[in-house]
Amino acid sequence: MAEAADFQGMSPSPARRWLRRTGALLAGAPLLAGLLQLPATPMAHAAEKSAPMAASGSRTVSVSLDSVSPNAPTDGDTLTVSGTVTNNGKQAVTDAHVGLRVGPSLNSRGSIDSAARRTGFAPDADGTEIGGKYVEKFPKLAPGVAQAFTLSVPVKQLHLGSDGVYQLGVSLSGQTSTQPYEQVLGIQRTFLPWEPDGATAKTKTTYLWPLISSVHMSAETLPNQQQTPVFQNDDLAKEIAPGGRLSQLLSLGKDLDVTWVIDPDLLASVDAMAGSYSVKGDGDSVTAGKSQAVAKQWLAELEQAVQNKEVVALPFADPDLASLAHDGKNVTGSLSHLKDATDVAGSTVETILHVKPETDFAWPVNGAIDPSIVKVATSAGADKIIARSDSLQETGGLPYTPTSARPIGGGTTAVVADAGLSTAFEGDVSSTGGATLAVQRFLAQSLMTNLEEPQKQRSIVVAPQRMPSASQAQSMAQALKALQDGNWSQSAELSAAADAKPDPRAATRVPSTSRYPSSLRREQLPRSAFQQIEDTQDKLDNFQVILTDPARVVTPFGRAIDRAMSTSWRGHPTEASDFRQDVESYLDGLTAQVRLIQKSETKLSGRSATIPVTVQNNLMQGVDHLVLRLTSQQPTRLKIGNGPYAEQPITVSGGHSQSVKFTTTANANGRATVVAQLFTEDGQAYGPAVTFDVNVTEITPTVMLVIAGGVLLLVLAGFRMYTQRKRLAAQQAEEEQNDPQATPREGGLNDSADGTVDTGDTDGVATGPEQESDTEPGADAPEQPSDPAPDTAPESADPSSTGERVDR
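First, a word on what this report is: a plain description of the structure on this page. If you're wondering where the values come from, they're calculated on a predicted model, not measured in any experiment. (Residues numbered from 1 in each chain as written. Predicted model: local features only at pLDDT ≥ 70, side-chain atom pairs only at ≥ 80, totals over all residues. Heavy atoms only, no water.)

Helices and strands together make up the secondary structure of the protein, namely 22 helices and 31 strands. Scored against the burial criterion, the 808 residues of the protein give a buried share of 47%. By sequence separation, contacts in the protein at least 24 residues apart represent 76% of the contacts at least 6 residues apart. (Helix = DSSP H or I, 4+ residues; strand = E, 2+ residues; numbered from the N terminus. Buried < 20%, exposed > 50% of the residue type's maximum accessible area, 1.4 Å probe, protein only. Contact = heavy atoms within 4.5 Å.)

Next up on the list: the pattern of salt bridges. Scanning the entire structure with this criterion turns up 22 salt bridges. A salt bridge links E523 to R570, with the nearest nitrogen and oxygen atoms 4.0 Å apart. Residue E523 is located in the loop between α18 (518–521) and α19 (527–544), and its partner R570 is located in the loop between α20 (551–563) and α21 (573–591); the two are separated by 47 residues in the primary sequence. Residue R570 is classed as buried on the basis of its relative accessible area, which comes to 9%. Ionic pairing is found between E601 and R671, a salt bridge with its closest N-O pair at 2.6 Å. Taken together, the residues span a long stretch of sequence, with E601 in the loop between β22 (594–596) and β23 (602–604) and R671 in strand β29 (residues 670–680) at a distance of 70 residues. (Salt bridge = Lys/Arg side-chain N within 4 Å of Asp/Glu carboxyl O.)

Let us look at the pairing of strand β3 (residues 93–106). Strand residues, when the strand is regular, have side chains that alternate between the two faces of the sheet. Of all 14 residues making up β3, 10 are buried, and the element is well covered by its neighbours. Note: β3 against strand β5 (residues 136–141), five bridges, orientation antiparallel. The residue of β5 that forms the bridge with T94 is K140. Taken together, the nine bridges between β3 and strand β7 (residues 164–175) define a ladder with antiparallel strand orientation. Pairing of T94 across the sheet is with Q175, part of β7. Alignment of β3 against strand β4 (residues 129–130), held across two bridges, turns out to be antiparallel. Directly across from R101, in β4, lies its bridge partner E129. (Pairing = 2+ DSSP bridges.)

Note the cis peptide between S69 and P70, where omega equals -10 degrees. By the element assignment, P70 lies in the loop between β1 (61–69) and β2 (78–87). With phi around 50 degrees, D318 is a residue other than glycine that occupies positive phi space. Summarising the element assignment, D318 is placed in the loop between β15 (311–313) and α11 (321–328). Despite not being glycine, N366 shows a phi value in the positive range, around 60 degrees. Residue position: N366 is located in the loop between β16 (361–362) and α13 (371–379). Owing to a relative accessible area of 35%, N366 belongs among the partly exposed residues under this scheme.

What tends to happen in soluble globular proteins is that the nonpolar side chains get buried as a cluster. One finds F543 and L628 to be the most contacted residues of the largest nonpolar core, which totals 76 residues. Once you skip the residues sitting within four places of it in the chain, L628 turns out to touch L596, V613, V615, A646, E647, Q648, I650, V660, F662, A676, Q677 and L678. Counting 63 residues, the second-largest nonpolar core is a separate cluster that includes I240, V279, F425 and L480. (Core = buried A, V, L, I, M, F, W, Y, C linked by side-chain atoms within 4.5 Å.)

Okay, the packing of aromatic side chains next. Geometry of an aromatic ring pair is reported as the spacing of the ring centres plus the angle between the planes. Evaluation of the coordinates by the stated rule reveals six aromatic pairs. Here F425 and F442 contribute two aromatic rings whose centre-to-centre distance is 5.5 Å and whose plane-to-plane angle is 40 degrees, an arrangement assigned as tilted. Separated by 17 residues along the polypeptide, F425 in the loop between α14 (419–422) and α15 (432–452) and F442 in helix α15 bring together distant segments of the chain. Taken together, a centroid distance of 5.6 Å and an interplanar angle of 20 degrees make the contact between F557 and Y586 stacked. With F557 in helix α20 and Y586 in helix α21, this residue pair connects regions lying 29 residues apart in the sequence. The exposure class of F557 is buried, given its relative accessible area of 1%. (Phe/Tyr/Trp six-rings, centres within 6.5 Å; stacked < 30°, edge-to-face > 60°.)

Here K329 is to be found in the loop between α11 and α12 (334–353). On the basis of relative accessible area, K329 is assigned to the partly exposed category, the value being 40%. For the pair K329 and S372, spaced 43 residues apart in sequence, the C-alpha separation works out to 9.3 Å. Here K329 is in contact with L324, L335 and S372, once residues within four sequence places are set aside.

Right, let's talk about helix α9 (residues 264–273) for a bit. Residues separated by three or four positions in an α-helix point in the same direction, a consequence of the helix having 3.6 residues per turn. The element α9 is extensively covered by neighbouring structure, given that eight of its 10 residues are classed as buried. For α9, every residue scored as buried is listed here: P264, D265, L266, L267, S269, V270, A272 and M273. A side-chain oxygen of the first residue of α9 lies 3.0 Å from the backbone nitrogen of D265; this N-cap is D263. (Polar contact = N/O pair within 3.5 Å; in protein donor to acceptor, adjacent residues only side chain to side chain.)

The element β7 is largely enclosed, with a buried count of 12 among its 12 residues. Neither face of β7 is open: one carries G164, Y166, L168, V170, L172 and G174, the other V165, Q167, G169, S171, S173 and Q175, and all of them are buried. With 11 bridges joining them, β7 and strand β8 (residues 183–194) adopt antiparallel strand pairing. When the bridges of β8 are listed, V165 appears paired with P193.

Here it is in structure tokens:
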């Protein structure tokens, strides 16, 4: 019938007239009467309204519903509907009026979806108009002009029957100069839930109220003792300011029976704003943040709102579980970040809001799961996964919506949120018309869920979009308030829904990985992202071991790494890449603050000297547990210490430098390359090496000959003394044999006639025993030609040549 009504001049077939009996006769007769311009009966007017639809007449005027009150009426109520009508045609509409139409009740959730998609006017589906005094008249609607209307009708005039969901239409009827008869020129339909007496078994409804935002804090802090945090922008201040998205979510949610689902990173960021903070500007500039008062107020209101309410804490920064499962788990160390983010979540919420949250829930994006996602989620300690019914679909042909809790094996429970209810407000509800339709459809779906199995109480979970807009939050709150005031639903916490007795007929088989939605897969973080995250973590591990206060670095960078895996990066690949790069670059900059000072060529004058190497620390804190190694690339020419290299431990206070001296020994002239490198105590190289040349300049061939000649003279002198003593001893023995009466002289030498001692020396040089030495006791002996040369040449007063001179 609806299809036929879309084409002018068409009427139901004879077969349909026979089947539908008098209804078909009444629909066909007025059309003929209108064409023949015969007097029209009241029923003929209904047919006239259907006939002009062929030329899209029912779309000539747009009808917008701005409000329906009450959203779910009961006996004795008066239904008030307000909105606007706008003439979209080129001709004026005259003799127009707006009226309500109540169609037949719907029998399933699918029929609600079908009715919502239907456009155009269909008399059977849209019902008859409630006329009389319950219409609002417009003598003329000019093209392009919108006019408001308000209709108030007692519920008893709607003639609603048994409990159910009814179609409610608001139509504008009128005529134009080209079609001078009354017809439906515009209609908007919605749904009216009707449960006046209360359900036999109310549905337990859990609504998740998400407080989640995108990433705002960077890894950077100002170089001061307070470590003033630096924000990427000041967008968070706008979100928590009065009228902002997060401000709306807070003010609306505090009056509702909901389960708060909170990202601890949001709390940490607002808490950081409550103190001193800075915001990045153009280039490398930063400006002081000015939203401390707003941040303090928002946190104070939130703390009050969540008291005695259930709070679920997601892992810190809401990591993307699907991306980890599909692209990150094969990168060593990635899953450890999820565990860290989970561990810090509870303490963050408890410290800031002073409530103990639930931390054993995992929430994959859009509730889409597969075996790998479940495995990753449970690896961090979660044993309850918030899934969605369009992922874990029913395959058993159940005629009703089952309870949310589903055991999926391994002690894990999937809490399956209802897809229809969860996505009810994902569209554009910024206009009052769109919001009203979304609210009424949500309530209709909720009531129909209860009516599917009215004798059986079930537990249903609603998990809306992670970051609803302010207008979406307002629509959600309006629907929830109506639901909580309704007669078929009662509020429940998420933990109660997870503990509910599962329906034995409900699906529990997790869909395969191949069934994961391709639209979601395209938005995942790539494997390269997780590899970059791990590279940053390795650098952080290498850096923190040298710090005297590692917490100043580990905490902000650890949280920044968590933020790099956030679900909020979906749909923003460029921004995600920039964030990861900024974190890594900032860490590189910090590690470069502890470095070796570059050295120019060093000159070594002599065989041995000390070479200084300077370590600079520009950090706010001291560094320790570092080892400086100096290595000679030509150890046969230049030794460091006693071998090719030497090491010394390094400790440098914050903002200071330290020079370390190494003893060197040169064996030959020429240049020797030396490499200075810092190492951590576990042997990992730290920072770039410094390479420089040592030029040995004062070990000449002449010096070597002098040294060799001196050694030779010493050997010859010793040999001469030995032979002289041997000759004198032999001469004394011969004299004693010739003159047995001779008295030996002291020292075994004969006195000569003039008092000198005969040494038997052919030189005739003798020294009497009474001759005194020219040298006083203790004085340095005069330098002899045989003495060895000193290790280094004497200091020169001449200006030093190009290059660095070593300490000796």
